[in-house]
There are 2 protein chains.
Amino acid sequence: METVRVGLGSRAYPIYVGAGVLEDGRLYAPHVAGRRAAVITNEVVAPLYLERLGRTLAAAGAQVTTIVLPDGEQTKDWTSLARIVDRLLEERFGRDAIVVALGGGVIGDLAGFAAAIYQRGVPFLQVPTTLLAQVDSSVGGKTGINHPRGKNMIGAFHQPLAVISDTAVLSTLPERELGAGLAEVIKHGFALDAEFALWLEANLERLLRRDAAALMHAVRRSCELKAAIVAQDERESGSRALLNFGHTFGHAIEAAQGYGAWLHGEAVAAGMAIAAALSVRLGLLEPGEATRLTAILRRAGLPVANPRIAPERLLELMRSDKKTERGRLRFVLLTATGKAQVVADPGDDQVIAAITACTST
Amino acid sequence: METVRVGLGSRAYPIYVGAGVLEDGRLYAPHVAGRRAAVITNEVVAPLYLERLGRTLAAAGAQVTTIVLPDGEQTKDWTSLARIVDRLLEERFGRDAIVVALGGGVIGDLAGFAAAIYQRGVPFLQVPTTLLAQVDSSVGGKTGINHPRGKNMIGAFHQPLAVISDTAVLSTLPERELGAGLAEVIKHGFALDAEFALWLEANLERLLRRDAAALMHAVRRSCELKAAIVAQDERESGSRALLNFGHTFGHAIEAAQGYGAWLHGEAVAAGMAIAAALSVRLGLLEPGEATRLTAILRRAGLPVANPRIAPERLLELMRSDKKTERGRLRFVLLTATGKAQVVADPGDDQVIAAITACTST
């Protein structure tokens, strides 16, 4: 097991990464002993890991309640949020209780947001079970739900007490979900760390065949990179925006398709390819570096093009994205592999041309 | 105009108290110039003050949108919250926008909570128009909505950028609302400051006839007392609990009656009378001091008894209150006028006896 710390002063917390940590009671006991714990999970994860986690929590001294929601991005909405709150109230959970999110990004975001607003905030633990959640969504305290007008439009910053990332659970992850998680791993390399990008290019096949040591390295390094940025800029007033590489286009694609058609990571992959094309078009990035990015995304089985949505429609959706400032679009673009920067308002023509160049025919 | 500061480090903010401050553009300009502002108010306040505030904000450089909700405690629910969020998204408000709460406690709590969760948090201003909101709910950053199972069960701590408390607007306040606000003023005196309690006993009639100088003093002193406690204990892990004097019983009464039968301040008044009776019963408080409290509440036209709800029912409702810790009831009780303390689990028999003794016949 390795431990990555997220340095946030009084709200600092550890990320435990390792095979088997899901059942390591010592990691839970300091947070759950003598407390009531609500494990929030979904119908796909529950049969695989809920019993093991429940047993571990009970052995660590918790009184466990479980809330099992439907699988899928559609679950990340007002209705599920109200359902969780109703259930916690019904069960008379007090402010001394704890929420445990067992699942992927949807469960983590939703359960974390429920914890943020239940009785003005109760603590929570993240037990991410997808690669995407382990390398990205479980770290940094962003929680929230979707709205028909955009993803994560309603939410809160609420840091967990700890993240327990069991790399062994990735063995049961469907192929497509593994790829979606790799998109965020590739994002960390290409936006933040050229050396990690190189390592990924050399080790992608090991990751695809779920080599334990390779997965461990990818999760740990991703968490380190993200934790360093979150520690600097918890609320995304500056450098944290770099983690949104691929997300402005990606969110617009997801919104246009309706949530759930593509996985989030798939939309981000296509978004990164478009952002790289825009970077090249604006003269910020060498074309060869954009090709490196699309090549590794393709090797991971990820989409690298806009799925035939009208560029004007994507532009309109991006304008209602919360990253917009006073109506001006802001994009995270690459200047080199491992180096990203925020560019405001590159001009609608350029954006539309980049999308058009990356539209599948 | 006088200024009370709430000392919360990087989130410190001023409370401006004075006649006419609602229309003082200089107080708004630093927060709204060049921004979009959503003024959230209700159908009763809108005809009285919305136009004046809108004009002031526009002159201070804001682009103003207004959201007018129905009046009443029933408005503080999921539906109104979703309605505000829908509207902000429809209008394409970004994270650089600001929310302005114009109204009483319901509007302040609801609009503040909407600001807390909209796109993971946008700033907001409180422009309280009731005495209760000026002396209590607008200060300290508690925001939230009600749930059929309890008041303020869903919410967040979200501090405003400033509170603009215009004492002149209290001239249009209905009699009953003035009394409800006085309940919280009296709470501040009797729970926290013996000298202020004495001043209130000597000046209650001036307050009831809305003497400008007396109202100004009552609002300012209440804000000072509350601000000092909030600065020490923003998230209510310690001394902030003292501000809940009368609220454990009061919330249970409101929940039993259905929200809106009594005003919040009326329920708190009855709750304080019951809490004082319990304090006497437990030997913590001289009977004469409890009589002082009920006497001033009566003079303010406030209820001092449980409105014939079965004591066992109140006990059950209090157990599901969020102040409960591991199932144990905690009460804020008086040891003297101006001195309160938290007492855990005084015994169900004592609680029931105190409620019974204070039940109107």
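Refer to the structure presented above.
The notes below deal with the structure included here. The shown structure was predicted, so the numbers you read here are calculated from the model rather than taken from an experiment.

## A few points about the interface of chain B and chain A
With 39 residues of chain B in contact, the opposing surface of chain A contributes 40 residues. Of the roughly 3500 Å² buried between chain B and chain A, counting both surfaces, carbon and sulfur atoms make up 52%. Here chain B is connected to chain A by four salt bridges. Its salt-bridge partner being B:Glu236, residue A:Arg95 comes within 3.5 Å of it at the nearest N-O pair. Between the two partners, chain B and chain A, sit nine residue pairs in polar contact (both at pLDDT 80 or more).

## Observations regarding the side chain of B:Asp193
Residues and elements named next belong to chain B. Structurally, Asp 193 can be placed in the loop between α6 (175-192) and α7 (194-208). A distance of 3.1 Å separates a polar side-chain atom of Asp 193 from the backbone nitrogen of Glu 195. Leaving out residues up to four positions away in the same chain, Asp 193 has contacts with His 188, Arg 221, Leu 225 and Gly 338.

## Observations concerning the nonpolar core
Soluble globular proteins: nonpolar side chains tend toward being buried together. All names here are of chain B. Core analysis: the largest hydrophobic core is formed by 99 residues, its most contacted members being Tyr 28, Leu 102, Phe 249, Leu 293 and Met 318. It is helix α10 (residues 264-281) that contributes the most residues to this core, 10 residues altogether. Summarising the domain contributions, this core has at least three residues from each of domain 1 (2-172) and domain 2 (175-357).

## Here's the deal with the environment of B:Ala114
Residue and element names in this part refer to chain B. The residue Ala 114 is located in helix α4 (residues 105-117) in this model. Ala 114 gets classed as buried once you look at its relative accessible area, which sits at 0%. With 93 residues separating them in the primary sequence, Ala 114 and Leu 207 have C-alpha atoms 33 Å apart. Discounting residues that sit within four places of it in the chain, Ala 114 has contacts with Leu 81 and Ile 84.

## Some details on the packing of aromatic side chains
In total, this model carries five aromatic pairs over all chains according to the counting rule given. Note on A:Trp78 and B:Trp78: the rings are 5.5 Å apart at their centroids and 75° apart in plane angle, and the pair reads as edge-to-face. Residue A:Trp78 is found in helix α3 (residues 78-90), and its partner B:Trp78 is found in helix α3 (residues 78-90); the two belong to separate chains. Each member of the pair, A:Trp78 as well as B:Trp78, is classed as buried. Relative to A:Phe331, the ring of A:Phe249 lies with its centre 5.0 Å away and its plane at 25°, an arrangement referred to as stacked. Pair noted here: A:Phe249 is in helix α9 (residues 247-257) and A:Phe331 is in strand β10 (residues 330-336), with a separation of 82 residues, a long-range link. A:Phe331 matches A:Phe249 in its accessibility class, with the two residues each being buried. The side chain of B:Arg36 reaches across the aromatic face of B:Phe93, ending 4.3 Å from its centre.

## Here we look at α7(B)
Residues and elements named next belong to chain B. Here α7 spans 20 Å end to end across 15 residues, near enough to the 21 Å set by a 1.5 Å rise per residue. Remark: the principal bend of α7, roughly 60°, maps to Ala 202. Lining the buried residues of α7 we find α6, α8 (212-232) and α11 (287-299). Between the side-chain oxygen of the N-cap and the backbone nitrogen of Glu 195 there are 3.1 Å, and the N-cap of α7 in question is Asp 193. Immediately downstream of α7, the backbone of Arg 210 shows phi near 60°, a positive value.

## Observations regarding the relation of the copies chain B and chain A
Between chain B and chain A, the superposition needs a rotation of 180° and an axial shift of 0.0 Å, giving an RMSD of 0.0 Å. What we have between these two chains is a two-fold relation. Comparing interface residues between copies, 100% of those in chain B also sit at the interface in chain A, which points to an isologous, same-surface contact.

## Notes on unusual backbone geometry
The bulk of non-glycine residues show a negative phi, and the bulk of peptide bonds are trans. You will see that A:Gln119, though not glycine, has its phi angle at about 50°, which is positive. When you line up the elements, A:Gln119 lands in the loop between α4 (105-117) and β6 (124-128). With a phi angle near 65°, B:Arg120 is a residue other than glycine that sits in the positive phi range. Assignment of secondary structure puts B:Arg120 in the loop between α4 and β6 (124-128).

Parameters and conventions
- Residues numbered from 1 in each chain as written.
- Chains lettered and ligands numbered in written order.
- Predicted model: local features only at pLDDT ≥ 70, side-chain atom pairs only at ≥ 80, totals over all residues.
- Heavy atoms only, no water.
- Contact = heavy atoms within 4.5 Å.
- Buried area = accessible area lost by both parts, 1.4 Å probe.
- Salt bridge = Lys/Arg side-chain N within 4 Å of Asp/Glu carboxyl O.
- Polar contact = N/O pair within 3.5 Å; in protein donor to acceptor, adjacent residues only side chain to side chain.
- Helix = DSSP H or I, 4+ residues; strand = E, 2+ residues; numbered from the N terminus.
- Core = buried A, V, L, I, M, F, W, Y, C linked by side-chain atoms within 4.5 Å.
- Buried < 20%, exposed > 50% of the residue type's maximum accessible area, 1.4 Å probe, protein only.
- Domains from an automatic or database assignment.
- Phe/Tyr/Trp six-rings, centres within 6.5 Å; stacked < 30°, edge-to-face > 60°.
- Lys NZ or Arg CZ within 6 Å of the ring centre and 35° of its normal.
- Expected span 1.5 Å × (residues − 1).
- Bend = angle between axes of the 7 residues up to and from the residue.
- Least-squares fit on C-alpha atoms with pLDDT ≥ 70 in both.

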